[in-house]
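# Tertiary structure, described
Residue-level listing of the chains:
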Amino acid sequence: MPRLFILTLSLLPWIPVVLCWVATQNEVSVLEGGSITVPCRYDPKYANHVKYWCRGSMREFCTSLARTDETSSTNPSKDKVSIFDDPAQEMFTVTMNDLKETESGWYLCGVELGNGWKADDVVYTKVKVIHGVSVENNMVSGEEGSSVTVQCLYSERFRESEKKWCRSGGWSSCLSTGSEGSYEDTSVAISDDRTGTFTVTLKKLQMRDAGWYLCSAGQQQVAVQVQVTPRASTTEPVTSPPTQSQSAVYLPPPKHITKESWNSHRYMLESVAVCSSLLLLVGLAGLARKLWILHKEDSELRHFKEMKERFSDNPSDMGDLQHVPIASHNKATMDGLNE
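Let me begin by describing the structure that accompanies this report.

Conventions used here
- Residues numbered from 1 in each chain as written.
- Predicted model: local features only at pLDDT ≥ 70, side-chain atom pairs only at ≥ 80, totals over all residues.
- Heavy atoms only, no water.
- Pairing = 2+ DSSP bridges.
- Helix = DSSP H or I, 4+ residues; strand = E, 2+ residues; numbered from the N terminus.
- Buried < 20%, exposed > 50% of the residue type's maximum accessible area, 1.4 Å probe, protein only.
- Polar contact = N/O pair within 3.5 Å; in protein donor to acceptor, adjacent residues only side chain to side chain.
- Contact = heavy atoms within 4.5 Å.
- Axes fitted to C-alpha atoms, helices over the stretch in contact; angles between N-to-C directions.
- 1 Å grid on protein atoms, 1.4 Å probe; cavity = no way out; pocket = protein on both sides within 12 Å on 5 of 7 lines; lining within 4 Å.
- Points joined across faces, edges and corners; volume = space filled by probe spheres on them.
- Nonpolar A, V, L, I, M, F, W, Y, C, P; charged D, E, K, R; others polar.
- Domains from an automatic or database assignment.
- Phe/Tyr/Trp six-rings, centres within 6.5 Å; stacked < 30°, edge-to-face > 60°.
- Lys NZ or Arg CZ within 6 Å of the ring centre and 35° of its normal.
- Disulfide = S-S within 2.5 Å.

### Observations regarding the sheet that holds strand β3 (residues 36–42)
The pairing of strands in a sheet comes from backbone hydrogen bonds and takes either a parallel or an antiparallel form. Here we have four strands laid out as an open sheet, ordered β1-β3-β7-β6, and antiparallel in their pairing. The open sheet has two edge strands, β1 (22–23) and β6 (81–86), and neither has a second partner. Alignment of β3 against strand β7 (residues 91–96), held across six bridges, turns out to be antiparallel. Its bridge partner being in β7, Cys40 is matched across the sheet by Phe92.

### Overview of the pairing of strand β9 (residues 121–130)
Burial runs high along β9: seven of the ten residues are buried. Judged from the five bridges that link them, strand β2 (residues 27–31) and β9 form a sheet pairing that is parallel. Within β9, the residue paired with Glu27 across the bridge is Lys126. Bridging between strand β8 (residues 105–112) and β9 involves seven bridges; their strand directions are antiparallel. Across the sheet, the residue bridging to Gly110 is Val122, located in β9.

### Re the side chain of Lys51
By the secondary structure assignment, Lys51 is in strand β4 (residues 50–55). In this structure Lys51 comes out as buried when scored by relative accessible area, which is 0%. Within polar-contact distance, the side chain of Lys51 engages the backbone oxygen of His49 at 2.8 Å. Ignoring anything within four residues of it in the chain, the contact list for Lys51 reads Tyr42, Tyr46, Ala66, Arg67, Thr68, Ile83, Asp85, Phe92, Gly110 and Val111.

### Some words on the sheet that holds β4
Ordered by their spatial adjacency, five strands build an open sheet running β2-β9-β8-β4-β5, and the pairing between neighbours is mixed. What marks the edges here is a single partner per strand, and that holds for β2 and β5 (63–67). Averaged over neighbouring strand pairs, the angle between their axes works out to 30 degrees when direction is ignored. Bridge count between β4 and β5: four bridges; the pairing is antiparallel. Of the residues in β5, the one forming a bridge with Tyr52 is Arg67.

### Overview of the layout of surface pockets
Its volume calculated, the largest pocket comes out at about 210 Å³. In terms of lining residues, the largest pocket is bounded by 13 residues, among which Ser187, Val188, Leu202, Asp209 and Tyr213 are the most central. Taken together, the elements giving at least two residues each to the lining of the largest pocket come down to β13 (163–167) and β14 (170–176). Among the elements that line the lining of the largest pocket, the one with the most residues is β13, at three residues. Looking at the lining of the largest pocket residue by residue, the class counts come to seven nonpolar, two polar and four charged. Around the second largest pocket sit 14 residues that line it, and Gly33, Gly34, Tyr154, Thr195 and Gly196 are the ones nearest its centre. Put simply, the parts of the chain that give the lining of the second largest pocket at least two residues each are β2 and β12 (148–154). With three residues, the single largest contributor to the lining of the second largest pocket is β2. Class assignment for the residues of the lining of the second largest pocket results in four nonpolar, seven polar and three charged. When residues of the lining of the second largest pocket are sorted by domain, at least three fall in each of domain 1 (22–130) and domain 2 (133–229).

### What about the pairing of β13?
Relative to strand β18 (residues 211–217), β13 is paired through five bridges, and the arrangement is antiparallel. Along β18, the bridge assignment pairs Cys166 with Leu214. In this structure, β13 lies alongside β14, joined through three bridges in antiparallel fashion. Bridge pairing in β14 places Trp165 opposite Leu175. Hairpin geometry of β13 and β14 is characterised by an intervening segment of two residues between the two adjacent antiparallel strands and by a positive phi of about 95 degrees at Gly169.

### Thoughts on the packing of aromatic side chains
Taken as a whole and assessed by the stated rule, the structure comprises four aromatic pairs. The aromatic ring of Tyr42 is capped on one face by Lys51, whose charged end is 4.3 Å from the ring centroid. Lying over the aromatic face of Tyr154, Lys163 brings its terminal NZ or CZ to 4.3 Å of the ring centre.

### Some thoughts on the state of the cysteines
Considering all chains together, one arrives at four disulfides under this definition. The partner cysteine of Cys40 in its disulfide is Cys109, sulfur to sulfur 1.8 Å. Separated by 69 residues along the polypeptide, Cys40 in strand β3 and Cys109 in strand β8 bring together distant segments of the chain. Residues Cys40 and Cys109 agree in their burial class; the two are buried. A disulfide bridge connects Cys166 with Cys174, and the sulfur atoms are separated by 2.0 Å. On the sign convention where negative is left-handed, the bridge of Cys166 and Cys174, at about 110 degrees about the S-S bond, is right-handed. What links to what in the protein chain: the bonded cysteines, counted in sequence order, pair as 1-4, 2-3, 5-8, 6-7.

Below, the structure written as structure tokens:
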């Protein structure tokens, strides 16, 4: 029985997640000494209800940190915990400042229903406060000759620590802020605001500057990749004549056909089309004439053969063969007569 009771209590925080009308982020991470703002959305029917933010993994035993019905003024930038409700957006936000590592844990957004017979609607989120170093972007890119900026973030315990910017793989390349909290030369500038961020600016980028770097504070470090792209060319590239070892032949890009260029060549194209049509017609006429002549010769040849066969059967009519008109024939025709 005690085990069943403990199991029931452990499941209670997760029941509202399925049935509630409130939603937020599942987890929020922040460096020690930093701030977070958690948005909590709710159903429109809760617009006039009291909202609250409390710490704990169980609704029944959580510690209230902020409520919308409290009369004290809220200043999100200075107060440790502040809450603001915006019914028009159907959302209330909670801001926590100067977080410590000990403040990590479960928190919940809640809507008070004011009914002893019905539990409040809540949703849980986990806040993780960590110490160390991080970056806003772990990859930055810039064009050759330009500048890029890297934002290195660190937790509260490293505010007085020396900050370094190093090329990965070579600690001898590290550049340090020193006691003044800054460093600058012709290619790199480092500035520490002593509040949780130090900024590294790489100036006049060159292709050899591309690679991996490290933001370092104390014994903590985080990697950053710097990419450098070639400078955009403003002049057309000069192409050298192809050599024998080159298998590809450079061809200039095709020109676009415009209305003006089409009109300037239209008459020439029309003349070419007319001449081509006339040549085609002449060729077809010559072919037709040749076919007609061959057909006529074949007809005369067949007629002559018929008469020859008839006269060979009647020799007395052989004299009439002299009066048969015979046209001039080519060699192929004469060969046909002799067969």
